[in-house]
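# Notes for the structure review
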Amino acid sequence: MSFNVLVADDSAVMRSMIIRILRLSGLSFSEIYEATNGRDGLDILDQKWVDLALVDINMPIMNGEEMIDHIRNCKEIADLPIIVVSTESNVDRVENIRRKNVKFVHKPFTPEALRKVIVQLTGVSNEQPGGENSLSEGGPDF
Amino acid sequence: MNSQAEKILYRKAALIFEEMGFLMPQSDICDDCQTDDSGASVSFTGPFKGCLLLSLGGEILSILSSNMLGQEEPVSKQMEEDALREAANVICGNALPEIYGAKEVFHLDTPVFYNNMHSVLDLSEQSCIAKIAIPFECGQANIFLYAESKEADYVSAAG
């Protein structure tokens, strides 16, 4: 099974890090779309089929919480699996975000931590056998 | 390091450099290391206003950004600036709740990159509540935390 993924983060470096981890995760991805804010992310979701979204919270124009609220209120994509990747540490805000039926990965994160959450959320783990391009339990490979 | 805030800031920043950039802090401050090559600031609001400044000297920025991207070759200047902004953002986002308590709500502004940040920022109305240096093999990171209020009024989570 292969996934279409949306990565919404205003940092190009963070998007690249996340995409690299996705590619090393052993899961199969068809298309990986990038958005620099929540509005761009919603535009992509309007036009493309996406199976999984990774969303930052602090973004300009439209932040991640607003983007998630829009998604959950739109019946066509309301069930989209979402992973929030954020520095947010305030206990109440994190709890509020979690109530939107999302998984939460705190920055900084290890590649393996993100991979685990992806596997939890998608229920798919088809790790590629060995080789340089796979993430092992032993830690990051980059 | 004198204050609890500085200890927390050092611990958080060292962990972030390690996890995001695979940079391990050294034990000794490097007197010969170039400092303040470039920097980024993150302003925040919440119970009070303030900002965190991160400056990197030597080759830290190029190594940090290459490692974050998993590239052996040098990355573009634009990506280096973005890596620095993101590092400042993550350090600030992680340090504030631990210094001031996880119940306090802070809103972080978009980080800003500066070539010479001390000449640009007006910090006259804010107190420097933490100032740390983290030495690496390839240079030194300096981090300053400025806030309107005194540290002692707010340190609660550190215990």
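To be clear, the structure that these remarks concern was listed above.
What you see is a predicted model, and the numbers here were worked out from it, not measured in a lab.

### Things to note about helix α1 (residues 12-24) of chain A
All names here are of chain A. Taking 1.5 Å per residue, 13 residues should reach 18 Å; α1 reaches 18 Å between its end C-alpha atoms and fits that length. Within α1, burial applies to V13, M14, R15, M17, I18, I19, I21, L22 and L24. Following α1 by one or two positions, G26 has its phi on the positive side, about 90°.

### Some words on the packing of helix α2 (residues 60-69) of chain B against helix α3 (residues 77-100) of chain B
Residue and element names in this part refer to chain B. The N-to-C vectors of α2 and α3 enclose an angle of 85°; their axes lie 9 Å apart at closest approach. The angle between the axes of α2 and α3 places the two elements in the roughly perpendicular class. Seen from α2, the contacting residues are L61, S62, L64, S65, M68 and L69; seen from α3, they are M79, E80, A83, L84, E86 and A87. Taken together, the residues of the contact of α2 with α3 sort by class into eight nonpolar, two polar and two charged.

### Notes on the nonpolar core
One finds L54 and L114 of chain A together with F17, L54 and L145 of chain B to be the most contacted residues of the largest nonpolar core, which totals 69 residues. Counting residues per element, this core draws most heavily on α3 of chain B, which supplies 12 residues. Sequence-distant contacts of L145 of chain B, defined by excluding residues within four places in its chain, comprise L9, F44, C51, L52, L96, I99, Y100, S127, C128, I129 and A130 of chain B. The next biggest cluster of nonpolar side chains, apart from the first, holds 24 residues, and it includes L6, A35, I77 and I82 of chain A.

### Structural notes on the packing of aromatic side chains
Between two aromatic rings, the relevant description is the distance of the centres plus the angle of the planes. All names here are of chain B. On inspection of all chains with the given rule, the structure shows eight aromatic pairs over all chains. With a centroid separation of 6.3 Å and 75° between ring planes, the pair formed by F44 and F48 is classed as edge-to-face. With centroids separated by 4.9 Å and ring planes inclined at 75°, the aromatic side chains of F48 and Y100 adopt a geometry described as edge-to-face. Linking F48 in the loop between β1 (38-45) and β2 (50-56) with Y100 in helix α3, this pair joins segments that are 52 residues apart in sequence. The pair F48 / Y100 is uniform in exposure class, with both members buried. Grouping aromatic residues by their ring pairs yields a cluster made of F44, F48, Y100 and F106.

### Overview of the environment of D69 of chain A
Residue and element names in this part refer to chain A. Here D69 shows up in helix α3 (residues 64-72). Exposure remark for D69: the relative accessible area of 30% places this residue in the partly exposed category. Linking D69 and M17, residues 52 residues apart in sequence, is a C-alpha distance of 25 Å. Engagement of the side chain of D69 in a polar contact is seen with the side chain of K100, the distance being 2.8 Å.

### A short note on the interface of chain A and chain B
Across the boundary between the two partners, chain A contributes 22 residues, which contact 25 residues of chain B. Contact between chain A and chain B buries roughly 2000 Å² in total, counting both sides, with carbon and sulfur atoms accounting for 58%. Viewed at the interface, chain B and chain A are joined by two salt bridges. Of the charged contacts, one joins E86 of chain B and K107 of chain A as a salt bridge, the two residues approaching to 3.0 Å between their closest N and O atoms. Taken together, the connections running from chain A to chain B amount to 11 residue pairs in polar contact (both at pLDDT 80 or more). Broken down by element, the side of chain A that touches chain B gets its largest block of residues, six residues, from α1 of chain A. Classifying every residue of the side of chain A that touches chain B gives nine nonpolar, eight polar and five charged.

Reading the values: the criteria
Residues numbered from 1 in each chain as written. Chains lettered and ligands numbered in written order. Predicted model: local features only at pLDDT ≥ 70, side-chain atom pairs only at ≥ 80, totals over all residues. Heavy atoms only, no water. Helix = DSSP H or I, 4+ residues; strand = E, 2+ residues; numbered from the N terminus. Expected span 1.5 Å × (residues − 1). Buried < 20%, exposed > 50% of the residue type's maximum accessible area, 1.4 Å probe, protein only. Axes fitted to C-alpha atoms, helices over the stretch in contact; angles between N-to-C directions. Parallel < 35°, antiparallel > 145°, perpendicular 65-115°, else oblique. Contact = heavy atoms within 4.5 Å. Nonpolar A, V, L, I, M, F, W, Y, C, P; charged D, E, K, R; others polar. Core = buried A, V, L, I, M, F, W, Y, C linked by side-chain atoms within 4.5 Å. Phe/Tyr/Trp six-rings, centres within 6.5 Å; stacked < 30°, edge-to-face > 60°. Polar contact = N/O pair within 3.5 Å; in protein donor to acceptor, adjacent residues only side chain to side chain. Buried area = accessible area lost by both parts, 1.4 Å probe. Salt bridge = Lys/Arg side-chain N within 4 Å of Asp/Glu carboxyl O.

Limitation: the analysis is restricted to geometry and does not speak to function.
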